[in-house]
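Structural features, examined
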Amino acid sequence: MTRYIAQRLLILPLLMVIYSFVIFLIIQAPPGDFLTAYVATLASSGSSISADQIAALRHQYGLDQPFLVQYFLWMQNLLHGDFGLSLEYQRPNADLISEQLGLTLALALFSFVLTWAIAVPAGIYSATHPRSLIDHVLTVINYVGVATPNFMLALILMWLAFAYFDINVSGLFSPEFVDAPWSFARVGDLLFHIWLPGLVLGIAGTARLSRIMRANLLDELNKPYVVTARAKGMREWRLVLRYPVRLAFNPLVSTIGWYLPALFSGSLIVATVMNLPNIGPLLLRALINQDMYLAGGILLIYSFLTIVGTLLSDVLLALLDPRIRVES
Amino acid sequence: MSGTSSAAEDRVAIASNWRLVWWRFRRHRLAMISAGLLIFMYMIVLAPDFFSVQDPERTDARQAFIPVQMIHFFDDGSLSPWVPTITGKRHPVTLRMEWVADPARKVGVRFFARGYSYRVLGVFETNVHLIAPADPTQRIFLLGSDRLGRDQWSRIMHGTQTSMTVGLVAVALSVILGVVLGGLSGYVGGKTDQVIQRIIELLQSVPTIPIWLALSAALPRDWTPIQVFFAITVILSLVGWTTLGREVRGRFLALREEDFVLAARLAGCSRMRIILRHMVPTFASHIIATSSLAIPVMIINETSLSFLGLGIRPPAISWGVLLQEAQNIQTLALAPWLLTPGLVVIVAVLAFNLVGDGLRDAADPYSN
Amino acid sequence: MPLTRIAIEGAVNQQTPLLQVRDLRVSFQLDEGVVRAVDGTSFDVMPGQVLGIVGESGCGKSVTMKAILQLVDRPGRIDTGEIKFLRSDGETVDLVKLPPRGAMIRQIRGGEIALIPQEPMASFSPVHTVGDQIIEAILLHSHRWEQGGRKISKREARKITIGLFRDVGISMPEQRVDAYSWQLSGGLRQRAMIAMALSCKPRLLIADEPTTAIDVTTQAQVLALLRDLQVKYNTAIIFITHDLGVIAQMASYVVVMYLGRVMEQGPVDAIFHAPKHPYTRALLRSIPSMYGQTRVALPVISGTLPHPFNRPPGCPFHPRCADVMPACSVGVPRLMPVGDDQLASCFLHHNEAEPV
Ligand SMILES: Nc1ncnc2c1ncn2[C@@H]1O[C@H](COP(=O)(O)OP(=O)(O)OP(=O)(O)O)[C@@H](O)[C@H]1O
Ligand code: SF4
Ligand SMILES: [Mg+2]
């Protein structure tokens, strides 16, 4: 087991190297570099900058170097925790990212918990009461949930809240708490605001997850070991929770591998629409303004979270399923 | 067993298999309804102008944010469709235009009537439209108008063409990639399989939306809408093929052991020929089912990218592009009909999912 | 119905049966149609008796057993019939009338009637240790192990489990309790299943083909084990198998089933040496050694088992019967006494048809 985890941990840096290279390729791809964009912005705001100054800046940022050299420079800095300087904000990228990272993680994790808390019981109910009225209702909700893009749901909810209740549901804080230092009151305010974006972000996942749970559990309920357990004289609900649910759960755990990353990248859209403090909108701006090192840094963090999510699900699955644990 | 007779038998087996799938699919009533809906939507894709009421690019600043003009089919008990006239008055204080429907003044609406002229599939020219005002000088807005006074209804028809095509083409590309690479992986095995499997794993663990955004942001600004359209399609399919690749590989692994493949090999068929002639047909129905479940994912992705401004770019029209107009909540409160493209997205995705589930059940009644 | 009961009760000795199944009917409502898996089955089990049930695959043996424990899965349903069980306190209950999730049937399941399921491979949960699953059963019916009204602890239950493992001949029982079912060989798994079934000292043990999944040597060991246990605890056993040879070794009384109905029943000697029903005779001819003739190619019974959706009218066996008569396709023959201590449902021996 420890060997298994160690193996997975060893792959992590290798994957990060591959990702970083691909990401560097992508952020380098647009014609021109961020200085071109910067000069254009300056020009539009009336100020200008001399060719010498541009050349000096270009040299300072290493933009006159060949691609691979630039990549290694970038990697070297990254290893020292230096994410570079944002051109647009004229501040260290690391600061910009870390300001938003906590709330980004909080939103994704909150949504994750919400998803599981809703999807698992709903799936269990549907599978143990197939073709019942509630099962049908849940099925309809699931289909619509999967079919509704995140941002559509966000728009509809925000519009309804604004047009009919005259409340503004964007943001994660009430105005008086936006820039306030952390306090219990601020956490309370956050918990009050986070559930709507959390729900919006998690709705498709909830639908998909409860469908998986339902199908798995229906399968498991037909297995002979359920008959064995019944023949022992167990109470039905205890039996269902102890045996088939436990087994139906395992494939669900392996979905964490793709679901957590999907949440992180999905939060990008929801955060943009709902105006949430999140690295998503930051990335969007950075991409549009060719603030390449900021974009690269954020993309790297997304990749890192993705790998960690996969790793987490593999380890959890091994812990839960003795068949995997013993073999590895 | 001679070659011709075995080929004939193959055909019979495949035909009856298709008939079986069709027979089982027909029993899913919702899937059948959805299939009908999708066929209708692809008719719109073929000739969006026929279904449009006005030229989707026609702007008129004085006709911005006109609300939905409900179509009424009966006039005094006789069949004669009409919409109420809408008149605007500027609010004395806010100076905003306020539109009021006046049912007393009716604008007659005709079916299969003349309107602006257009080309069908770029070939023949016509000016017949499904719905048009009886008086061609009138403008009617069945789903309201946007900030530039463009007709939402007609724009949705054109958006349908783009978005449904992106979904279809992206999935077609994914299928080609998935079948070829997955088939290679499963059929050849060994090192090839290893490499392709690692690539699939890598692609599947990519944080998709950010990478898509970055790739689209990397597209040159001066590309034409058509170029952007194809680039976006390729970007979407690059990640989308992996699920299919996995599935095809799994089926190849199972099939490789079966007798008829061995027989074909002994008979000296080339590998590609074995794959295409003998192996692909046996699981074509699964590929179709999986693809029809992949199309809605592509549609949602395209819509999301375009909505964020990094997908299809105006002047091209897609559902996502149309939804960009609905980004501002204040505007939305004023003109909620700007959300209608979103409803179309939901309906289309729902229909694809229902058809896909129906097909999957029909293709493989025993797998859940 | 009362006629049948009198007939059966007359045929066996006057002791009160432990279990009486009367005219049991179980059907499955499928999209394609209704499957009548059990279609009017009746038999008795005496205390301490080993009852063998034979019949071709799909004739409803397992469904009958599940019905006894109220374990028929959706979409299956017990339509009619009685299953009278004599409880340890001397009271007789009709199991069919008990709510399938109620407290009383749960006490009987595992506690008084235990089941060794047909597929030992899949009958243990793969993510729980075998020991855990048996300990759970012991704790559920702990009063059967209690001395002086004291609750038994988990530790004691574990000790009991180890003892049971030793009884059923599992070597290294202390280690094996912590094994998962997929770590055990087929024979060991079957023994563990038997240990679980015995864990609450049942009065009736239902063994659904306990030897089909294992090799011949292990099979013989398992059979010997069951026989020993039966002698030791005087447990009644319903023993289901396709194998007439096994029946001859194990059972004292035999029920022959076909398409959800009892064709013939009687003491094992009578069935083997004086079979009355054409189906029983055909079955016996299919084991070459029994009749001492040269080996005949199988299957000896001509024709195939009808599809469950279209049961033949009249005698269920008539499309394949060598002695078929015109009356056979009209009425359904009842199970009636034939000869000294046998019962058969065949118009060759009587003219009683089931009321329509
Ligand atoms: N869950 C179910 N759904 C539908 N039909 C069923 C189900 N279980 C059993 N049946 C039907 O009931 C009939 C009897 O099945 P049963 O399992 O009792 O046979 P069996 O005599 O035990 O056969 P075997 O010797 O193969 O175990 C079969 O024809 C089968 O089609
Ligand atoms: S009743 Fe007729 S068909 Fe049935 S077993 Fe007897 S003789 Fe054969
Ligand atoms: Mg059986």
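Residues numbered from 1 in each chain as written. Chains lettered and ligands numbered in written order. Predicted model: local features only at pLDDT ≥ 70, side-chain atom pairs only at ≥ 80, totals over all residues. Heavy atoms only, no water.

**Digging into the overall build of chain B**
Rule in force here: Put simply, DSSP marks the helices as runs of H or I at least four residues long and the strands as runs of E at least two long, and each gets a number from the N terminus on. Note on exposure labels: buried denotes an accessible area under 20% of the residue type's maximum, exposed denotes more than 50%, and partly exposed covers the range between, all computed with a 1.4 Å probe on protein chains only. In this analysis, two residues are considered to be in contact whenever any of their non-hydrogen atoms come within 4.5 Å of each other. Here the Shrake-Rupley method, with its probe set to 1.4 Å, supplies the accessible areas, and only the displayed protein chains count as covering residues.
From N to C terminus, chain B includes 12 helices and four strands. In chain B, buried positions account for 49% of the 368 residues. For chain B, long-range pairs separated by at least 24 residues make up 67% of all intrachain contacts whose partners lie at least 6 apart in sequence. For chain B, the computed accessible surface area is about 17,900 Å², with 63% contributed by carbon and sulfur atoms.

**Let's talk about the site of ligand 2**
Spelled out, the test is: Proximity is defined per residue: if any heavy atom of the residue lies within 4 Å of a molecule or strand, that residue is considered near it. Residue polarity is assigned by list, with Asp, Glu, Lys and Arg as charged and Ala, Val, Leu, Ile, Met, Phe, Trp, Tyr, Cys and Pro as nonpolar; anything else, Gly included, falls into the polar class.
Lining the immediate environment of ligand 2, one finds His277, Pro278, Cys315, His318, Cys321, Asp323, Cys328, Pro333, Cys346, Phe347 and Leu348 of chain C. Split by residue class, the shell around ligand 2 holds eight nonpolar, two polar and one charged.

**Brief notes about the coordination of the magnesium ion (ligand 3)**
Residues and elements named next belong to chain C. Convention followed: Here the term donor refers to an N, O or S atom within 2.8 Å of the metal (or 3.2 Å for Na, K and Ca), and because water is left out of the atoms, sites may appear incomplete.
Within the protein, the magnesium ion (ligand 3) binds to Ser62 (OG) and Gln118 (OE1); these donor distances fall in the range 1.8 to 2.2 Å. Taken together, the residues Ser62 in helix 2 (residues 61–68) and Gln118 in the loop between strand 6 (113–116) and helix 4 (130–140) connect sequence positions 56 residues apart. Exposure remark for Ser62: the relative accessible area of 21% places this residue in the partly exposed category. The partly exposed category is assigned to Gln118, whose relative accessible area is 32%.

**Observations concerning the interface of chain B and chain A**
Defined as follows: A side-chain nitrogen of Lys or Arg and a carboxyl oxygen of Asp or Glu constitute a salt bridge if their distance falls within 4 Å. Polar contacts, as counted here, are pairs of nitrogen or oxygen atoms within 3.5 Å of one another; within protein the pair requires one atom able to donate a hydrogen and one able to accept it, and residues that are adjacent in sequence qualify only if both atoms are side-chain atoms.
Each partner contributes to the interface: chain B provides 38 residues, whereas chain A provides 39 residues. One can count one salt bridge joining chain B with chain A. Salt-bridge contacts for Asp357 of chain B lead to Arg211 of chain A; the nearest nitrogen and oxygen are separated by 2.8 Å. Linking chain B with chain A are two residue pairs in polar contact (both at pLDDT 80 or more), by the criterion used here. Class assignment for the residues of the side of chain B that touches chain A results in 28 nonpolar, nine polar and one charged.

**Examining the interface of chain A and chain C**
Put simply, the rule is: Two parts placed together each lose some accessible area under a 1.4 Å probe, and adding up what both lose gives the buried area.
Between chain A and chain C, the contact holds 24 residues from the first and 30 residues from the second. Each partner contributes to the roughly 2,400 Å² buried at the junction of chain A and chain C, and carbon and sulfur atoms together form 60% of this total. Close ionic contact of Asp73 of chain C with Arg230 of chain A constitutes a salt bridge, the shortest N to O distance being 4.0 Å. Put simply, chain A and chain C have nine residue pairs in polar contact (both at pLDDT 80 or more) between them.

**Focus: the pairing of strand 7 (residues 204–208) of chain C**
Residues and elements named next belong to chain C. Rules: Two strands form a pair only when DSSP identifies at least two bridges running between them.
Of all five residues making up strand 7, five are buried, and the element is well covered by its neighbours. With burial as the criterion, each face of strand 7 is covered, one bearing Leu204, Ile206 and Asp208 and the other bearing Leu205 and Ala207. Pairing of strand 6 with strand 7 involves four bridges; the strand directions are parallel. Looking at strand 7, one finds that Ile113 is bridged to Leu204. Strand direction decides the pairing type here: strand 7 and strand 8 (residues 236–241), joined by five bridges, are parallel.

**Brief notes about the pattern of salt bridges**
Residue and element names in this part refer to chain B. Scanning the model with the defined rule gives 33 salt bridges over all chains in all. Linking Arg147 and Glu325 is a salt bridge whose minimum nitrogen-to-oxygen distance equals 2.8 Å. One end of the pair, Arg147, is in the loop between strand 4 (124–133) and helix 4 (152–188); the other, Glu325, is in the loop between helix 10 (319–324) and helix 11 (329–334), and 178 residues separate them in sequence. Put simply, Glu57, Asp146, Arg147, Arg150, Arg155 and Glu325 are held in one network by salt bridges that share partners.

**A closer look at the site of ligand 1**
Residues and elements named next belong to chain C. In the region of ligand 1, 13 residues are neighbours, and Ser57, Gly58, Ser62, Gln118 and Glu209 sit closest. Contact between ligand 1 and Gln118: an oxygen atom at 2.5 Å from a side-chain N or O atom of the residue. Among the elements that line the shell around ligand 1, the one with the most residues is helix 2, at three residues. By residue class, the composition of the shell around ligand 1 is five nonpolar, six polar and two charged.

**Considering the sheet that holds strand 8 of chain C**
Residue and element names in this part refer to chain C. So the rule is basically this: Here, axes are lines fitted to C-alpha atoms. For helices the fit covers the stretch in contact, and angles between N-to-C directions go from 0 to 180 degrees.
Spatially, the eight strands line up as an open sheet ordered 6-7-8-3-9-10-12-11, and their pairing is mixed. Every other strand in the sheet has two partners, leaving strand 6 and strand 11 (336–338) as the edge strands with one partner each. Each neighbouring strand pair of the sheet contributes to a mean axis angle of 20°, computed without reference to strand direction. Those strands touched by helix 8 (residues 216–233) are strand 3 (50–54), strand 6, strand 7 and strand 8, and its axis lies near 160° from that of strand 8.

**Focus on the packing of aromatic side chains**
Residues and elements named next belong to chain A. Applicable threshold: Any two rings among Phe, Tyr and Trp, with Trp reduced to its six-membered ring, count as a pair given centres within 6.5 Å; such a pair is stacked if its planes are under 30 degrees apart, edge-to-face if over 60, and tilted if neither. Note on criteria: charge over ring means Lys NZ or Arg CZ within 6 Å of the ring centre, with the direction from the centre no more than 35 degrees off the ring normal.
Per the counting criterion, the structure on display carries 21 aromatic pairs over all chains. Between the aromatic rings of Phe21 and Phe67, the centroid separation amounts to 6.0 Å while the plane-to-plane angle is 85°, which identifies the pairing as edge-to-face. Taken together, the positions of Phe21 in helix 1 (residues 2–28) and Phe67 in helix 4 (residues 67–79) put the pair 46 residues apart, joining distant regions of the chain. Assessed through its relative accessible area of 30%, Phe21 is described here as partly exposed. Residue Phe67 is classed as partly exposed on the basis of its relative accessible area, which comes to 29%. For the ring pair Phe24 and Tyr71, a centre distance of 5.6 Å and an interplane angle of 55° mean the geometry is tilted. With a gap of 47 residues between them, Phe24 in helix 1 and Tyr71 in helix 4 connect regions that are remote in the sequence. Sitting over the ring of Tyr143, Arg211 keeps its end group 4.6 Å from the ring centre.

**Observations regarding the arrangement of the chains**
Counting contacts across all two pairs of chains that touch, the top-ranked interface belongs to chains A and B. The least C-alpha distance between chain B and chain C, which are not in contact, is 11 Å.

**Here's the deal with helix 7 (residues 186–198) of chain C**
Residues and elements named next belong to chain C. To keep things clear, this is the line we draw: For a helix, the expected span equals 1.5 Å multiplied by the residue count minus one.
The end-to-end C-alpha distance of helix 7 is 18 Å, a good match for the 18 Å that 13 residues give at a rise of 1.5 Å each. For helix 7, the buried fraction is high: 12 of the 13 residues fall into the buried class. Among all positions in helix 7, only Gly187, Leu188, Arg189, Gln190, Arg191, Ala192, Met193, Ile194, Ala195, Met196, Ala197 and Leu198 are buried.

**Some points on the confidence of the model for chain B**
For clarity, the threshold we go by: Every residue is assigned a pLDDT by the predictor, reflecting its confidence on a scale from 0 to 100.
Of all residues in chain B, 89% have pLDDT values of 70 or greater, and the mean over the chain is 80. Low confidence marks residues 1–9 of chain B, where pLDDT is under 50. Its contacts with residues over four positions away, or in another chain, come to two contacts.

**Some thoughts on the sheet that holds strand 4 (residues 76–86) of chain C**
Residue and element names in this part refer to chain C. Within the open sheet, the four strands sit side by side as 2-1-4-5. Their pairing is antiparallel. Unpaired on one side and paired on the other, strand 2 (33–45) and strand 5 (92–94) mark the two borders of the sheet. With direction set aside, neighbouring strand axes in the sheet form an average angle of 10°. Bridge count between strand 1 (residues 19–30) and strand 2: 10 bridges; the pairing is antiparallel. The residue of strand 2 that forms the bridge with Gln29 is Val34. Each of strand 1, strand 2 and strand 4 is contacted by helix 2, which is oriented at about 110° to strand 1, the strand it contacts most.

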